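Here's the letter readout for the chains.
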Amino acid sequence: MNMKKMLMFAAALGAALSFVACKKTARPSFAPHLDLSKTVDATHWLDNLDDAKIAAQQADKKIILFFSADDQDQLSVILKENLLNKDEFLADITGDYVLVNLDFSNSRYEQAQEDEALSAALEENMKLATVYGVQMSPMFFLLTKEGYPITALFYDTTLQTADDFRNEIAQNAEAIADFDAAYAALDAGSDEDKVRAIDALYEIADPRQTYAFAPLAEQVLALDPKNKTGLLGKYVLALADARATNAALDNDPQGMVAAFVDAAKNKFLSPEEKQQAYYYAGYFLAGSGDPDYAQIKKYVQASYDAAPDSDRAPQIALLLQAIDDRMSEPAQDESEADTTETDSGAPAAE
C-alpha cells in the first residue's frame, strides 16, 4: 500500500473499503485503554500514539503528531536530516512536548509482509491517518495529552531551528487558547454543563477529525441519558458515524449500514436526525458492492417519511424516483429480450 493510496483513503470514508485489510477487529468502546504505569522514554520521536499518550499524560504535556513517508516524500527526509532528528532539537522540544512520528514508507509495508507485529502497527497507523484527516505528507498536528486534535501545524524547507518549530505553534496561539478554554470546561459544573462543554468543543473541531472525539460523544450519552440538554440525538449520530468508520476500516460494509440503522431507532433523535440516519443507511448500502435495491428503497423511504417537510425531503423524493427507475430496468430489459427473441423467430401473435 503506497502513500498515495493512504492519502486518498484519508480523504473519503468509502475509499477505506478499497485499501484496508479484511481483518475484522472488535471495538466495543471508543474509550482508550492505556497502562499509565508504563515507563516510556519520550526524549526522542516515539513510533506509536499510545505510548505518546501515556508519556504526555504522565508529564502533562501536549503531543506533536508527525505523519511522514520517507521513501516517497523528500520533504520529510529533509526536515528530519536538517533538524527534527538532531539531538539539540530533541533536547529542546521534548522538554515541552511529546513527539510521535508515524511513517508510511513503502519499505515498511514490504517488511510487514513477514512481520505480523509491524503489520498490525501499520494497520493501526492507517486508521490514525483517517482519524486525523491526513491529506498530504509531511503533516503535523498538535494534540492534547489524550490525543484530541487541537490544530494542524505546517512546516517546509525554511524550518531550520527549534525556534522556527516553536514559531509555527505560536502562530496558532489564538486557536490553541480557544481550544484549551473549551477543553478545560469539560470538567466544570453539572452533568448538563459538561455535555454543553463537549458540544462547544465539537463545534470548534475540524469536521474531518470528529471521529477522534468519539470518547466524548460516548460521555454525552452517559451524562445525559434523559436528554435534558436536547443534544443526545446529535451524539447518537456522531457515534453512528464513528462506528461506520470502524466498519469501513474493517472492510465491513454491512456494519456501516447497521451503525446508522441502529441509530435511527433511538427515541431521542429528532425527525430530521432520524431522516439523516436512514439516508446514510441507504447510501452506504448502495455503495456496498452488492446493493439490494429493495432494501435501499426501504431505508430511503423511511428517511423521507421521518421528516417529509424538511429541506432535504424534496431531494430524497427525487432519489426515491431514481431508485424506482433503477429497479424497473431489469423488467424492461426482460421485455426487450422477449421482443428480440420474437422478432428473430415466428411473428408475434396478434
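Please read these numbers as outputs of a predicted model, since none were measured by experiment.

Each value, and the rule that gives it
Residues numbered from 1 in each chain as written. Predicted model: local features only at pLDDT ≥ 70, side-chain atom pairs only at ≥ 80, totals over all residues. Heavy atoms only, no water. Helix = DSSP H or I, 4+ residues; strand = E, 2+ residues; numbered from the N terminus. Buried < 20%, exposed > 50% of the residue type's maximum accessible area, 1.4 Å probe, protein only. Contact = heavy atoms within 4.5 Å. Areas by Shrake-Rupley, 256 points an atom, 1.4 Å probe, with all protein chains shown as cover. Salt bridge = Lys/Arg side-chain N within 4 Å of Asp/Glu carboxyl O. pLDDT = per-residue confidence, 0-100. Pairing = 2+ DSSP bridges. Phe/Tyr/Trp six-rings, centres within 6.5 Å; stacked < 30°, edge-to-face > 60°. Core = buried A, V, L, I, M, F, W, Y, C linked by side-chain atoms within 4.5 Å. Lys, Arg positive; Asp, Glu negative; His and termini not counted.

(A) Fine view of the overall build of the protein chain. Secondary structure assignment for the protein chain yields 16 helices and four strands. Per-residue burial over the protein chain gives 44% buried out of 350 residues. Taking as baseline every contact in the protein chain between residues at least 6 positions apart, the subset at least 24 positions apart corresponds to 65%. For the protein chain, the exposed area adds up to about 18,000 Å²; of that, 49% sits on carbon and sulfur atoms.

(B) Here's a closer look at the pattern of salt bridges. Counted according to the given criterion, the structure contains eleven salt bridges. As a salt-bridge pair, Asp-92 and Arg-166 come within 2.5 Å of each other at their nearest N and O atoms. Of this pair, Asp-92 sits in helix H5 (residues 87-93) while Arg-166 sits in helix H8 (residues 162-171); the two residues are 74 residues apart in sequence, bridging distant segments of the chain. Judged by its relative accessible area of 30%, Asp-92 is partly exposed.

(C) Looking closely at the confidence of the model for the protein chain. Taken over all residues, the pLDDT of the protein chain has a mean of 86, while the share at 70 or more is 86%. Within the model, the stretch residues 332-350 combines pLDDT values under 50 with two contacts to residues more than four positions away or in other chains.

(D) Here's a closer look at the pairing of strand S1 (residues 62-68). Counting buried residues in S1 gives six out of seven residues, a clear majority hidden from the surface. The sheet contact formed by S1 and strand S3 (residues 139-143) spans five bridges and is antiparallel. Its bridge partner being in S3, Leu-65 is matched across the sheet by Phe-141.

(E) Fine view of the packing of aromatic side chains. Applying the stated rule across the entire model yields 22 aromatic pairs. Here the aromatic rings of Tyr-132 and Phe-141 are separated by 6.1 Å at their centres, their planes lie at 35°, and the arrangement is tilted. The burial state of Tyr-132 is the same as that of Phe-141; both residues are buried. Ring plane angle 20° and centroid distance 6.0 Å describe the contact between Phe-179 and Tyr-183, whose orientation is recorded as stacked. In this pair, Phe-179 and Tyr-183 are both assigned in helix H9 (residues 173-184), four residues apart and thus about one turn of the helix distant. Look at Phe-179 and you get buried, because its relative accessible area is 2%. By way of ring pairs, the aromatic residues Trp-45, Phe-66, Phe-89, Phe-140, Tyr-155 and Phe-165 are connected into one cluster.

(F) Looking closely at the nonpolar core. Core analysis: the largest hydrophobic core is formed by 75 residues, its most contacted members being Phe-67, Phe-89, Tyr-132 and Phe-165. The element that contributes the greatest number of residues to this core is helix H7 (residues 116-131), accounting for six residues. With residues near it in sequence (within four places) discarded, Phe-67 still touches Asn-101, Leu-102, Phe-104, Asn-125, Leu-128, Ala-129, Tyr-132, Val-134, Ser-137, Pro-138, Met-139 and Phe-141. Residues Leu-237, Ala-263, Ala-281 and Tyr-299 belong to the second largest nonpolar core, which totals 25 residues.

(G) View of the side chain of Lys-53. With respect to the secondary-structure elements, Lys-53 resides in helix H3 (residues 49-59). One buried charged residue, Lys-53, remains without a salt bridge, the closest side chain of opposite sign being Asp-50 at 4.6 Å. Beyond its immediate stretch of four places on either side in the chain, Lys-53 contacts Leu-34, Ile-63, Lys-145, Glu-146 and Gly-147.

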